[in-house]
Amino acid sequence: MAGGTKRLPRAVREQQMLDAAVEVFARKGFHDTSMDAIAAEAKISKPMLYLYYGSKDELFRACIQREGLRFIEAVAPAGNPLLTPHEQVRTALEGFLGFVDRNRKSWQVLYRQAIGQQAFASEIDNARERVIELTAKLLESSAKHAEPGTNFDVVAVAVIGAGEAIADRVASGRIEVAEAVDLLDDLAWRGLAGRKKPE
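What you see is a predicted model, and the numbers here were worked out from it, not measured in a lab.

Calculation rules
Residues numbered from 1 in each chain as written. Predicted model: local features only at pLDDT ≥ 70, side-chain atom pairs only at ≥ 80, totals over all residues. Heavy atoms only, no water. Helix = DSSP H or I, 4+ residues; strand = E, 2+ residues; numbered from the N terminus. Buried < 20%, exposed > 50% of the residue type's maximum accessible area, 1.4 Å probe, protein only. Contact = heavy atoms within 4.5 Å. Areas by Shrake-Rupley, 256 points an atom, 1.4 Å probe, with all protein chains shown as cover. Arc of directions from axis to C-beta. Salt bridge = Lys/Arg side-chain N within 4 Å of Asp/Glu carboxyl O. pLDDT = per-residue confidence, 0-100.

On a plain count of helices and strands, the protein comes out with nine helices and zero strands. Put simply, the protein runs from its N terminus to its C terminus through helices and strands in the order α-α-α-α-α-α-α-α-α. Here the protein holds 199 residues, and the buried ones make up 42% of them. Restricting the contact set of the protein to residue pairs at least 6 apart, pairs at least 24 apart contribute 64%. Surface accessibility of the protein: about 10800 Å² in total, with carbon and sulfur atoms responsible for 53%.

Let's shift gears to helix α2 (residues 35–42). All of the buried residues along α2 are Met35, Ile38, Ala39 and Ala42. Here the buried residues of α2 occupy an arc of 100° about the axis, which is enough to place them on one side. Looking at the buried side of α2, the elements it contacts are α1 (10–28), α3 (46–52) and α4 (56–75).

Another aspect to go through is the pattern of salt bridges. Within this structure, the stated rule accounts for 15 salt bridges. Residue Arg104 is joined to Asp101 by a salt bridge in which the shortest nitrogen-to-oxygen separation is 2.6 Å. When its relative accessible area of 34% is taken as the criterion, Arg104 is described as partly exposed. On the basis of relative accessible area, Asp101 is assigned to the partly exposed category, the value being 30%. The salt bridge partner of Arg128 is Glu164, with a shortest N-O separation of 2.6 Å. Of this pair, Arg128 sits in helix α7 (residues 118–142) while Glu164 sits in helix α8 (residues 152–171); the two residues are 36 residues apart in sequence, bridging distant segments of the chain. By the burial criterion, Arg128 is buried, and Glu164 matches it.

Here we take up the confidence of the model for the protein. The predicted model of the protein has a mean per-residue pLDDT of 87, with 92% of residues at 70 or higher. Of all the helices and strands in the protein, α7 carries the lowest mean pLDDT, 82, while α2 carries the highest, 97. This stretch, residues 1–5, has a pLDDT under 50; its non-local contacts, to residues over four places away or in other chains, come to five contacts.

Looking at where Ala20 falls in the secondary structure, it is placed in helix α1. For the pair Ala20 and Ala39, spaced 19 residues apart in sequence, the C-alpha separation works out to 7.8 Å. Not counting residues up to four positions away in its chain, the partners in contact with Ala20 are Ile38, Glu41 and Ala42.

What follows is the structure, given as structure tokens:
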């Protein structure tokens, strides 16, 4: 263990461990990641890692919870009641895709690694359902020219699904955030009515 790390506060050390875990999980995947590899990445002993996180599952869950909170913080400005519903949707898209761009490994862990693990998929699914519900409400409140009988839940599912696919491209550097936001923004409103976006 490096000489200068022995007296770090517990909270700081925990964050270092989670940073290392996200790095290794994103690079190697859940199944191929070992606690040895995470301990090495964090420059600590494996017994210390187990002292803080009793198992790989527990450590992975802690990663999901932390990255999920960071994601929520990134999209929180969309809840500003002074924004119009359409501005809220666009702000949410900017927050979401901006988070993915700045935290590409977090995205890999949150949505590509976690969703493929039965033990963790329900946590991601529950969070996704909350996002879909919120998106549907925002779309419904701002879509003044939507066709009668529009199923806003289905439109929200389509927008979120497209958003996840585009987020993968943002995470791989194949599309810029601004272009991705414009694309999804247009998709949402064209999907509702094929008409001009609300002001």
